[in-house]
Structures are given as C-alpha cells and as structure tokens.
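Survey of secondary and tertiary structure
The chain contents come next:
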Amino acid sequence: MRRRSPVLPAGPVAPDGPLLSVRNLRKSFGPNLVLDDVSLDVAPGECVVLIGASGSGKSTLLRCVNLLEVVDDGVIELAGADITDPRVDADEVRARVGIVFQAFNLFPHLSVLANITLSPVKVHGVSRAEAESRALAMLERVGLSDKAHARPDELSGGQQQRVAIARALVNSPVLMLLDEVTSALDPELVGEVLSLLRELKDEGMTMLIATHEMGFARQVADTVCFLDGGRLLESGPPEQLLGEPREPRTRQFLARIIEAGRL
Amino acid sequence: MARAPQPLSAAGQSGWQPSQLQRQRLAYRRGRAIRSAVTATLSTLVLLAVVIGAVTSSPGWPRVRETFFSWDKAKESLPDVAAGLWLNLRVMLICAVIVVILGLTLAILRTLRGPVFFPLRVFAAAYTDLFRGLPLILVLLLLGFGVPALSLTGVSFQPVVIYGGAALVLTYSAYVAEVFRAGIESVHPSQRAAARSLGLSNAQALRYVVLPQAVRRVLPPLLNDFVSLQKDSGLISILGVVDAIRAAQISTADDFNYTPYIVAGFLFVCLTIPLTRLTDWVARRQGWYGSGGGAV
C-alpha cells in the first residue's frame, strides 16, 4: 500500500536551503484565478504569516502545499524535493506536513483520543498503546489531558481547535500549515490557541500561517506576506510590512483592519 | 415528551420556591392539559362509534363478518399461518444480512474514483437503475419460474424459496445501495480532506472517517427498508412457497372463508411493529445527538 516515492528524500530535512519553496505557483478554479505567480520561501524554524482579505488565496495556497489541491502551474519543493511532481505519493507528503483548518474538522464520531491516534495507528503503523501514550502527551501539551475521552461536540471551539492542533502535531510534522485557525472562535478563546502557537514557534516548529490576527502576526511572524487577488504583493519582516508598507494596496488593507479594531 | 416539567420539590436545593405567579401558571397549564386529554378522548370515541355504527349497520355486514372475521376459522388456521410466518421471518433475516453486504458494496463501488474503476462504477449504477425500476413481482416471476425452466446443469434441484430470496435480495440491495450512497455523500468533503491531510489513503478515509458517519446517518431509512423487506417477504408465496400468505390461501380454499388472510395480516403487523418502533427510537436518538453536534 505504502509506496516509497522516488523523489522524496527519506531524511527529515535538508540542512541548508529553505524547508519549503514555492515558485511561480498558479491555481484557478474554473474562470477564477486564485493564485497568480506566487513565490515564497520558508526556512527551517521560520514562521511565515500570510495576510490578506478573504478570497485573496491564502487558504488555497496552504491547501496546495498539502496537496489537497492540484496546482495548475509552478513548483512546490519540500526539503528540496518537488512535491508537485505527479509521481509523488501524496499521502507521504501529507504525513510530514500537518494542517489545521478554520473549521477544526475533527471527526465527530470518534473520541478526542481516537481522533489523535487514528493517523499514527492506521498510517504510520504505530502500536495502539504507543500511539495513545503519545496522544496523551500531546493532549497534556495543549492542556486538555482531562478531555481525552470526550467527544468533539462536547468541547468548546477553542478546545476543539487545540485538539486539531494536537492531532496534526502527533505525527511530528516538519512543517505546520494553519488556515485561519482562530477565525471561528470567539475573542476569549482566540488567546488560548494563539499562545499555543507561540509556544510551538519557540520550540522551533516551521509554520506557514494564514490569519486575520494582525497583533499575533506582529508578535510571532518572522516574515509577513500580503496576498491580494491571488498575487503576493509584498513581504517583509512584520514591523516593516505592518508598520510602513510599500504598496498602497497593503496600506489600504491595513487601514481597514485598524478601522475594524483588529490591529 | 421525555422532558416532563420539573417537579416542584426537585428545585429545592438552593431554597428556591416558585412564586405565587409561577404557581398560578402551573395550575393553569395543568387545567389546560386535563381539558385537552378529555377532548381528545371524547372525539376519538365519537369517531369510532360513527365508523363502527356505519359498518355494522350496512346490509352486507353479517356476511362480511362471517367471511373475513370468523373467530372459529381464525383459530383453526392460526397454527398453519404461524408456521408459514416462521419461514417469512427466516427469509427476511437471511436476506437482510445479504442485502446490507451487497448494498454497501454497490454504494462503495459507485463512489470509487479513478479510471480503473470505471467499469465497476458503471456496473453499480446500471444495477441500481435496473433493480430499482423493475417491479419486485416481475423479478420474482423471472427468477422463480424462469431460472428453473433453464434446466441448468448442476442446479437441477433447488427449493423455490432460494429463488424467492434471491429476488428479494436483488431488488432490496439496489434500494439499500442508494441509501448508503446518500449517506456517504452527505458526509462533508472537509472530513475527507482532514483525513487525507493526516496521511490516510482514500480507502482508509472511507473506512475510518466517512463510512462510520454515513452509516450512523442512514440508520433510520435503512431500518425503514427492512420493515418493507419483512412484509414483502410475503410475496414469495406467488412462487408456491408455503409461507404465511400461502398457508392462509390454502386454508381459504377449503370453504371460501377469507379470515386466514386477516390472521396473516395481523401477524405481519405484529412482526413489523417492533422494528418500526426501533426505527423511531433510533431516529429520535440520532436527532438528539445531531442537534448537539452543530456544524462539525
């Protein structure tokens, strides 16, 4: 079942060069061009934050990196290997790249513990006992040890999202993709998820994050990228991009955000 | 219905006593409830009286009562009809198991992606189209009388009940396949995306994420189909199998008294009622969970 793909290196990460390299990526849904010639690099341990209005292509970019979408053109390299090559085993890529969705997407018929152990047991061939002890450690890590046997619908939104993060982390991914993980949460719960992400960053996790939380972007990001209409308009360190953006469109977007009281 | 108003004493932990106003409200509601119950009883009794009066006062009633509702005839035919019903029950149970397996297989075949599976997809679609469209009675006749007439070597002697059961399985697995497929397609694509993003293959995502949710959702309509199967198992009587209906028919042939049919009908209803109640119970329990689940 599990084929070794010829192009993917078996080791964890290439020591030099970016962990993730996106070059000239293009993706359209029917007549809508969603990503137009997007290029960006993420170095190991770096935290890159994507900002931009809804529909600017942030989510699609993340879904392309996780091979949930097939790109129309361009190249995505993970640790130096081209993962857009159609011969690559998508499952193998996904097993090394964690993604967390805006709507959590926990499996409602499984307990919290079973949600987390499903992939290690079924995909990675870890024994159930080993997977459960790892899952419990991960739950401890996200502060939800007491919820191991709860069902997802018994948890608050923030707790569900933390379980989703634990589920993505349990496979020890080399890269985490986070797609507006706080957008479905009320302001009080946003904090618990963001502080978890901050800790992850401090532990050296490489992350690519789409978010509307500018304050979080300012604190955590090494690089902020502004997407507009499928194009990557500008990128830079957070204090520069959020403080004195070069592009008028970026200034306009940030002005709106400030107006809405979210910066 | 399950949530009766809290008895007054249960609320006493924090020293709360209902106010005068609340007591008046409760008394008023109790009064209304009693009035509703009395009205419902009266109107039911009146309607029953009218119907019974109209039927029994009709000129042909004595003959109808003798022909369809003869107590002596009922007692006489009951053992044979009940023995026939035992056959219906066995046919139904065995068919139900095969139908679930076949239906689920067909549903999965129809949801398979990839060019390799094209012929399987087409086969499954054609199968469901054909057997949902064909009247069950035609399938029964074709199998029950047509196949034995072929005089195939190796299957020269087989009881007709096998063909009857096969016809039921062919028809009902087409229905059940569609029920399963509806369930599979009702699971939101984000669930599959989440499963795939964790590295699960398509088959694993189907097995561990999509199917468990799909089956839970379609349990009520599925049980509904089994209630239907249970009663349609009586149709195999047209092949000459001595089931409840056939036993009743044999018994009526003695003296043209149709009471045995009523007996068979009564037994079938008694048989389906538990399954119908089970269906209701499952549906209610699911609705309960569903309302708590929200948009996951």
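This one's a predicted model, so the numbers in the text were calculated from it and none came from an experiment.

Of regular secondary structure, chain A possesses 9 helices and 10 strands. A compact globule built from 263 residues should have a C-alpha radius of gyration of about 18 Å, and chain A, at 18 Å, falls within 12% of that. Overall, the C-alpha framework of chain A stretches about 55 × 45 × 35 Å when taken along its three principal axes. Counting across all 263 residues of chain A, residues that qualify as buried make up 45%. Counted over contacts in chain A with a minimum sequence separation of 6, partners at least 24 positions apart contribute 66%.

What follows deals with the interface of chain B and chain A. In many analyses, interface size is given as the accessible surface area lost on bringing the parts together. Of the residues lining the interface, 20 residues belong to chain B; the matching set on chain A comes to 22 residues. Mapped by element, the contributors of at least two residues to the side of chain B that touches chain A are α7 (189-197), α8 (202-232) and α10 (259-293) of chain B. Split into classes, the residues belonging to the side of chain B that touches chain A amount to 8 nonpolar, 10 polar and 2 charged.

Bringing the sheet that holds strand β1 (residues 20-29) of chain A into the picture now. Residues and elements named next belong to chain A. The sheet built from 4 strands is open, its strands ordered β2-β1-β4-β5 with antiparallel pairing. Single-partner strands in this sheet number two, and they are β2 (32-42) and β5 (81-82). Here 8 bridges tie β1 to β2, and the two strands are oriented antiparallel to one another. Its bridge partner being in β2, Ser 28 is matched across the sheet by Leu 33.

Located in the positive-phi region is A:Leu67, a residue other than glycine, with phi close to 60°. One non-glycine residue, A:Asn105, lies in positive phi territory at about 55°.

Residue and element names in this part refer to chain B. Where helix α6 (residues 160-186) meets α8, the axes come as close as 8 Å, and the angle between the chain directions of the two elements is 155°. For the element pair α6 / α8, the angle class is roughly antiparallel. In this structure, α6 crosses over α8, and the sense of that crossing is right-handed. Between α6 and α8, the residues in contact are Leu 168, Tyr 172, Tyr 175, Val 176, Val 179, Phe 180, Ala 182, Gly 183, Ile 184 and Ser 186 and Val 210, Ala 214, Val 215, Arg 217, Val 218, Pro 221, Leu 222, Asp 225, Leu 229 and Asp 232, respectively. Here the residues of the contact of α6 with α8 are counted per class, giving 15 nonpolar, 2 polar and 3 charged.

Residue and element names in this part refer to chain B. Here helix α3 (residues 71-111) crosses α8 at 140°, and the two axes come no closer than 10 Å. Taken together, α3 and α8 sit at an angle that is classed as oblique. Every pair of crossing elements has a handedness; the one defined by α3 and α8 is right-handed. Here Met 92, Cys 95, Ala 96 and Val 99 of α3 lie close against α8, whose contacting residues are Phe 226, Leu 229 and Gln 230. Residues belonging to the contact of α3 with α8 are distributed by class as follows: 6 nonpolar, 1 polar and no charged.

Residue and element names in this part refer to chain B. For helix α5 (residues 136-149), built from 14 residues, the straight-helix expectation of 20 Å at 1.5 Å per residue is met to within 8% by its first-to-last C-alpha distance of 19 Å. All of the buried residues in α5 are Val 139, Leu 140, Leu 143 and Gly 144. Residues of α5 that are buried make contact with α6. Downstream of α5 by a residue or two, Ser 151 has a phi angle that is positive, lying close to 50°.

Here we come to the sheet that holds strand β6 (residues 97-100) of chain A. Residue and element names in this part refer to chain A. On the basis of which strands lie adjacent, the open sheet formed by 6 strands has the order β6-β7-β8-β3-β9-β10 and mixed pairing. Every interior strand has two partners, whereas the edge strands, β6 and β10 (231-236), have only one. The mean angle between the axes of side-by-side strands here comes to 15°, regardless of whether they run parallel or antiparallel. Bridge analysis of strand β3 (residues 47-51) against strand β8 (residues 206-210) gives 4 bridges, and the strand direction is parallel. Paired with Val 48 across the strands is Leu 208, a residue of β8. Along the sheet, helix α1 (residues 58-65) contacts β3, β6, β7 (175-179), β8 and β9 (223-228); its crossing angle with β8, the most-contacted strand, is approximately 145°.

With that out of the way, let us pick up the pairing of β10(A). Residues and elements named next belong to chain A. Strand direction decides the pairing type here: β9 and β10, joined by 5 bridges, are antiparallel. Bridge pairing links Asp 228 to Arg 231 in β10. Between β9 and the antiparallel strand that follows it, β10, lie 2 residues; Gly 229 among them carries a positive phi value of about 55°.

As for its placement among the helices and strands, B:Arg196 is situated in helix α7. By the C-beta count within 10 Å, which is 21 here, B:Arg196 ends up buried. For the pair B:Arg196 and B:Phe68, spaced 128 residues apart in sequence, the C-alpha separation works out to 62 Å. If sequence neighbours within four positions are ignored, B:Arg196 has contacts with A:Leu68, A:Arg94 and B:Ala205.

All right, on to the confidence of the model for chain B then. Residues and elements named next belong to chain B. Per-residue confidence for chain B averages 85 on the pLDDT scale, and 90% of its residues sit at or above 70. Predicted confidence in chain B is weakest over α10, with a mean pLDDT of 77, and strongest over helix α1 (residues 20-56), with 94. Counting contacts from residues 1-6, a segment whose pLDDT is below 50, to residues more than four positions away or on other chains yields 1 contact. Note on residues 290-296: pLDDT is under 50 here. Beyond four places in sequence and across chains, it has 8 contacts. This complex was scored by the predictor with a pTM of 0.75 and an ipTM of 0.76.

How each quantity is defined
Residues numbered from 1 in each chain as written. Chains lettered and ligands numbered in written order. Predicted model: local features only at pLDDT ≥ 70, side-chain atom pairs only at ≥ 80, totals over all residues. Helix = DSSP H or I, 4+ residues; strand = E, 2+ residues; numbered from the N terminus. Rg over C-alpha atoms; globule rule 2.2 N^0.38 Å. Buried ≥ 20, exposed ≤ 12 C-beta atoms within 10 Å, placed from the backbone. Contact = placed C-beta atoms within 7 Å. Nonpolar A, V, L, I, M, F, W, Y, C, P; charged D, E, K, R; others polar. Pairing = 2+ DSSP bridges. Axes fitted to C-alpha atoms, helices over the stretch in contact; angles between N-to-C directions. Parallel < 35°, antiparallel > 145°, perpendicular 65-115°, else oblique. Left-handed = near helix turned anticlockwise from the far one by under 90°. Expected span 1.5 Å × (residues − 1). pLDDT = per-residue confidence, 0-100.

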